[in-house]
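In case you want the letters, here they are:
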Amino acid sequence: MTNGWVDIKNADVILAMGGNPAENHPCGFKWFIEAKKTRGAKIVVVDPRFTRTAAVADFYCPIRPGTDVVFLLGIMRYAIETGRFHEDYVKLHTNAPYLVGEKFGFDDGLFTGFDEASGTYDKKEWAYEADAKSHGYSLDHTLQDPRCVFQLLKKHVDRYTPEMVEKICGSPKDKFLKVAEIVTSTGNAQRCGTVTYALGWTQHSTGVQMIRCAAMLQLMLGNVGRPGGGVNAFRGHSNIQGATDIAGTFEILPGYLKTPASQLQTLADYLKDATPTTLNGAQWPSMNYWTNYPKFIVSLLKAQYGANSTKENDWGYAWLPKIDGNHSWMYIFDDMYRGSSTRAGGKEPGPEGLITFGMNPVGIGPNVPKMIGALSKLKWLVVVENYEIETATFWKAPRDYGTADASKIQTEVYQLPASGFAEKDGTFINSARWMQWKWKAIDPPGNAKTDQAIMARIFLAVRDLYKKEGGALPEQVLNVTWSYTNPAEPDLTEVLKEINGKALADIPDPKDKTKTIRLAGQQVENFGQLQDDGTTMCGNWLHIGVFTDAGNNAARRSTADPTGLGMYPQWGFAWPANRRIMYNRASADAEGKAWDPSRPGIVWNGKLWVGDVPDIKPDSPPGEFGAFIMNAEGVARLYAPALADGPFPEHYEAIESPVDNLLHPKVPTNPVAKRFSTDKDVYGKREEFPIIGTTYRLTEHYHYWTKHTQVLNQLQPGFFVEIPEGLAKEKGIANGSQVRVTSARGSVQGVAMVTKRLHPFKVGDKQVWEVGIPLHWGYAAGATGHTGPLANHLTPSAMDANTWTPEYKTFLVKLEKA
Amino acid sequence: MTVQSLEIRRSSASVWGSLSGARTVPTVSKYIDTTTCIGCKACEVACQEWNDLRPVATEQVGTYQTLPTLDAQYWNLIRFNERDFEGGLAWLMRKDQCMHCDEPGCLAACPAPGAIVQYSNGIVDVNPDQCIGCRYCETGCPFDVPRFSRTTGKMAKCTLCVDRVSVGLEPACVKACPTGCLHFGTKEDMLVMAHIRVDQLKKDGFAQAALYDPAGVNGTSVVTILAHGDHPEWYGLPANPHVPILVKVWKKFLRPFGGIAIIGAVFGVVAHYMRHGPKSAFGADQDDSNLPLA
């Protein structure tokens, strides 16, 4: 979230799209209600289903799954056409005035720079135009130049008329216009609105572009950086934000630093590649905060390798693993299933072992038969879990998952009993970026161990093996520092202190070298104290400030609210720098005054920025730096020449879609979204599978875990399929009867829930149906739990082009009576 | 079990309660705002856990609703209803539970003295020690709330967490509600809050929004905001609830008559004694001296 949960109460309009917060985030949803009751805020829901959120919303508009880009570009077109956008903000804080180079273009579904053979774009063709004289950015503050971002955007969205929205999304024109009217009512200084989303946007082959649309819309309306505004992602687990921050995926190191690629052999090469440079003569000089990259990475290497990390050995950069391509979820399992690496042209073997921690690949991966097939190829599998989950028992999955005879599966499976969230100390980082310490409530049962104990013991045992037997590149393991009081089970406060970082030598004050800002051994307090000469160490630069010499700030619980806006600065710790609203410089105008004085983010008092923790240098007067300090150009991007699938979002149908792309039939789907090619990677044709399937969670259950829990099983006793009344009538399906849903991958059977909440979509002149499939069941539920089909038996090996997130939200199925 | 710290305003099959008049307690109320209820069922679980009720066996039959109706082990149930109306589709979620009527039909119908009581704060409670399991209260309730437990042979229903309320806590469901659609306080305060919300709903386009606090039972200690206040039946609520006429007849006429009959019977016994003396248990010919002393 750019803002926070509590801040939703400051909104005048809340657009809930690509998410169902009342269902999935009922506790945070209280702030929606608060806004409604205290400010008279309007809640608008745009969703393929009439959800629990829609049930308490002020306005609901249906949308065909996977067409959100069309809907949102349609709102942007409406805003430009009617002038209902915040023009002063757009000129001041976005790249709307920036000119784009002549090479950029768009024609019939493709941007310029597309390479058919590799299925990728050459992003250099989308670059800004450099001023011929100053070699800086070329700007047109009147927004009239046909090559300026604003005019290009206007042209790009021109095709997305209300009629086109109705045709593609199946959203009635009058309802679309009503949504557009309510949402754009915040396109001014006085009002402010928020956009909230979750996995209903991320889990599409165009997911990132849907979220881009939200960011662009909010920038057009002047709602980013302001209390009551922002683009707010609701994370799907209690600590998924923490996992992402600390390098949850292969392409990042802690703090969103890049995992080095194999061709970057030295730290200098790596830094040259990773540190962004800015063109000269920008609108104003940019802080370009990523110029601090060397401090972040050197301090991280010092945290990782301790005294072994020296200037002479490039701080141990060589020991960091390098990546030679894509190691995201679906690629790992693809390699595993093939038994060879696709990146190495099939020459290298695929993984032979897998350790899964707090994760159930069989349940959560798309295309379950492929997941099970992949695990069957492994030599060994370690499952660290509280329950005996589907992954631990994949070899005895029902035969309709395509599982081989158990006697033919050679995988040796170990299950290590883990401890649950209440059985260990630690931190959760919530959607609002608040890091909150939690205290252990009870001891883990039996032989169950904490995660850090399991990980530490594996590490220490592996290190012993390297010490005794050597091996390829032993330094990578042997040089890791492990200076915890109890090496076999590190205390998590020690780990948190390490993440925060400390001075390794006295740090002189840059303004007066005779003074010091930190003494050796003191915890660092802010980003500014980090050094790139090995005199500081820091496990994650983004979390600096969480554990200073003042103590564990994640454990703070003060409800003091000095601004009255619900920022609670002394409750836990919000990264970065305890900032509650990101990009908060944009909450003020060119003079540093709040756009809306009743809801100031930060304001310039003549000497300093005051209010929230400013994201700009606190003593830098208005006009000195652009508000968006992480972008080299200093402003926010309506045009983003960095994404894999285009600088502007464009409508592409899902990989499995029941209709043609009405805008450009020749490029129906995202041209850079990859497909897989094993025998298990089958994709359905609309002739055979005419109905849209979509998967989701229910409020009564938590993922695949609570099917073991009697009280919750009572609330939602079993698997069901939500079917619109009209479709049920057509098929002669009665409520409560058994139905079978089949995709190209497999089929599931369950109770029909016939409902008015799902409806047909009129796409062009075709009527399209949708069925809903909740995902909480599986074949492993112990003796007392409730078993049921895995929803992901149906989902395809399709994914987003930027994040490689699977496309769980739109695929094709057929429906029959069972 | 009755709560000792609360005085009793009314008691079943008794002429008087135990109000001493020494102190007055305001009537309490739970206010349910169905327009901000998301049907998450946290209240259902909180109710079970606080009141030590075991999970019930349920089955997916094509609805989000946990059970078709209330149960002796399930005193709090969100009812889900889908309705088309001129403004579109409404997915209505309404918390079903004992309404704690000001004139409780269950209490009126109950023949067991003290089995159903109404405390001075308005809460209506079943006292299982006194309950004889005759199920007359089912007949008396216009909201179909009391349930007979085959395990205990007693009636069971929501107590409005009287054990919590009597020590200054809110009911468990209110505590658990994540959106704040449940509120608890004095009825006076709840009515103020509720009417502000009704006015807000009317401004937001729900011209028929209303507070359900039915006059037929002289108001309830559980009041509910309905966006479609002209259609309480959409929510599974009776439009004009009242205590069934037969129960009223029983309470107002037949039972005093029964009382007269009892007095008559006592009078008859006394008269019989005066006339015939004590009845011998073992007959006149038996030797009383052989009996052990009682």
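### Side note on the overall build of chain A
Summing up its helical and strand segments, chain A has 21 helices and 33 strands in all. In terms of overall dimensions, chain A is globule-like: its C-alpha atoms have a radius of gyration of 27 Å, near the 28 Å expected for 818 residues. If you line up chain A on its principal axes, its C-alpha atoms span 85 × 70 × 55 Å. Per-residue burial over chain A gives 51% buried out of 818 residues. Long-range pairs, those at least 24 residues apart, make up 71% of the contacts in chain A between residues at least 6 apart in sequence.

### Here we look at the overall build of chain B
Broken down by element type, chain B carries seven helices and eleven strands. Split into buried and exposed, the 294 residues of chain B put 40% on the buried side. Of the contacts formed within chain B by residues at least 6 apart in sequence, a portion of 64% connects residues at least 24 apart.

### Here's the deal with the packing of helix α7 (residues 162-169) of chain A against helix α8 (residues 173-184) of chain A
Residues and elements named next belong to chain A. In the contact formed by α7 and α8, the axes pass within 9 Å of each other and the chain directions differ by 115 degrees. Crossing hand, α7 versus α8: right-handed. Side by side, α7 and α8 meet where Pro 162, Glu 163, Val 165 and Glu 166 of the first sit next to Lys 173, Phe 176 and Leu 177 of the second. A per-class count over the contact of α7 with α8 returns four nonpolar, no polar and three charged.

### Topic: the interface of chain A and chain B
Contact residues are listed per partner, giving 30 residues for chain A and 27 residues for chain B. The set of elements that each furnish at least two residues to the side of chain A that touches chain B consists of α2 (30-39), α3 (52-55), α20 (710-715) and β29 (747-755) of chain A. A per-element tally of the side of chain A that touches chain B places β29(A) first, with five residues. Per-class residue counts for the side of chain A that touches chain B are 17 nonpolar, seven polar and six charged.

### Quick look at α7(A)
Residues and elements named next belong to chain A. Listing the buried residues of α7 in full gives Val 165, Glu 166, Ile 168 and Cys 169. Packed against the buried residues of α7 are α4 (68-82), α8 and β30 (761-763). Trailing α7 by a residue or two, Gly 170 shows a phi angle of about 70 degrees, which is positive.

### With respect to the sheet that holds strand β9 (residues 231-233) of chain A
Strand pairing within a sheet occurs via backbone hydrogen bonds; the two strands may be parallel or antiparallel. Residue and element names in this part refer to chain A. With parallel pairing, the five strands of this open sheet are ordered in space as β3-β2-β1-β8-β9. Either end of the sheet is taken by a strand with one partner, and the two such strands are β3 (59-62) and β9. The sheet shows a mean angle of 20 degrees between the axes of neighbouring strands, direction not considered. Across the sheet, α8 is in contact with β1 (13-17), β2 (42-47), β3 and β8 (193-197); its angle to β3 comes to roughly 130 degrees.

### Let's talk about the pairing of β8(A)
Two faces belong to every sheet, and in a regular strand the side chains alternate between them. All names here are of chain A. In terms of burial, β8 is a largely internal element, five of the five residues being buried. Judged by which residues are buried, β8 turns out to be covered on both faces: Gly 193, Val 195 and Tyr 197 on one side and Thr 194 and Thr 196 on the other are all buried. Pairing geometry for β1 and β8, over four bridges, is parallel. Within β8, the residue paired with Val 13 across the bridge is Gly 193. Examined bridge by bridge, β8 and β9 share three bridges and lie parallel to one another.

### Here we look at the sheet that holds strand β13 (residues 380-385) of chain A
Residue and element names in this part refer to chain A. Spatial strand order, β12-β13-β14: three strands in an open sheet with parallel pairing. Whereas interior strands pair on both sides, the edge strands pair on one side only; in this sheet they are β12 (353-357) and β14 (412-417). Each strand axis lies, on average, 10 degrees off the axis of its neighbour in the sheet, ignoring direction. In this sheet, β14 lies alongside β13 in parallel orientation, the contact comprising six bridges.

### A few points about the nonpolar core
Judged by nonpolar contacts, the single largest core of 217 residues is most densely connected at Ile14(A), Val44(A), Val149(A) and Leu217(A). Among all residues touching Ile14(A), those that are not within four sequence positions of it are Ile8(A), Phe32(A), Ala35(A), Ala41(A), Ile43(A), Val44(A), Gly193(A), Thr194(A) and Thr196(A).

### A short note on the confidence of the model for chain B
Residue and element names in this part refer to chain B. On average, residues of chain B carry a pLDDT of 89, and 85% of them reach 70 or more. Note on residues 282-294: pLDDT under 50 across the span, and zero contacts to partners over four residues away in sequence or across chains. Scored as a complex, the prediction yields pTM 0.94 and ipTM 0.94.

### Structural notes on unusual backbone geometry
Across the junction of Trp575(A) and Pro576(A), the peptide omega takes the value -5 degrees, indicating a cis bond. Mapping Pro576(A) onto the fold places it in the loop between β23 (573-574) and β24 (602-604). Here the phi dihedral of Asp144(B) falls at roughly 55 degrees; this positive angle occurs in a residue that is not glycine. For Asp144(B), the position within the fold is in the loop between α3 (136-140) and β7 (147-148).

### What about the packing of α4(A) against helix α10 (residues 207-220) of chain A?
Residue and element names in this part refer to chain A. Interhelical geometry of α4 versus α10 gives an angle of 15 degrees and a closest axis separation of 9 Å. What the angle tells us is that α4 and α10 run roughly parallel. Crossing angle aside, the handedness with which α4 passes α10 is left-handed. Residue-level inspection shows Asp 68, Val 69, Leu 72, Leu 73, Ile 75, Met 76 and Ala 79 of α4 in contact with α10, the latter providing Gln 209, Met 210, Cys 213, Ala 214, Met 216, Leu 217 and Met 220. In the contact of α4 with α10, the residues fall into twelve nonpolar, one polar and one charged.

### Observations regarding the environment of Phe106(A)
For Phe106(A), the location among the structural elements is in strand β4 (residues 106-107). Put simply, Phe106(A) and Asn24(A) are 82 residues apart on the chain and 38 Å apart in space, counted from C-alpha to C-alpha.

### Digging into helix α17 (residues 451-469) of chain A
Compared with the 27 Å implied by 1.5 Å per residue over 19 residues, the 27 Å span of α17(A) between its first and last C-alpha is a close match. Gly470(A), located one to two residues past α17(A), shows a positive phi value of around 70 degrees.

### Describing the environment of Asp615(A)
Residue and element names in this part refer to chain A. Residue position: Asp 615 is located in the loop between β25 (609-611) and β26 (691-696). Sequence-wise, Asp 615 and Pro 576 are 39 residues apart; in three dimensions their C-alpha atoms are separated by 8.6 Å. Among residues more than four places away in sequence, those in contact with Asp 615 are Arg 579, Met 582, Tyr 583, Asn 584, Arg 585 and Ile 629.

### Things to note about the environment of Leu775(A)
Residues and elements named next belong to chain A. Mapped onto the fold, Leu 775 is located in the loop between β32 (770-774) and β33 (811-817). As a C-alpha pair, Leu 775 and His 703 span 72 residues in sequence and 7.2 Å in three-dimensional space. Leu 775 has contacts with Thr 695, Tyr 696, Arg 697, Ala 791 and Asn 792, leaving out every residue within four places of it along the chain.

Thresholds applied
- Residues numbered from 1 in each chain as written.
- Chains lettered and ligands numbered in written order.
- Predicted model: local features only at pLDDT ≥ 70, side-chain atom pairs only at ≥ 80, totals over all residues.
- Helix = DSSP H or I, 4+ residues; strand = E, 2+ residues; numbered from the N terminus.
- Rg over C-alpha atoms; globule rule 2.2 N^0.38 Å.
- Buried ≥ 20, exposed ≤ 12 C-beta atoms within 10 Å, placed from the backbone.
- Contact = placed C-beta atoms within 7 Å.
- Axes fitted to C-alpha atoms, helices over the stretch in contact; angles between N-to-C directions.
- Left-handed = near helix turned anticlockwise from the far one by under 90°.
- Nonpolar A, V, L, I, M, F, W, Y, C, P; charged D, E, K, R; others polar.
- Pairing = 2+ DSSP bridges.
- Core = buried A, V, L, I, M, F, W, Y, C linked by C-beta atoms within 7 Å.
- pLDDT = per-residue confidence, 0-100.
- Parallel < 35°, antiparallel > 145°, perpendicular 65-115°, else oblique.
- Expected span 1.5 Å × (residues − 1).

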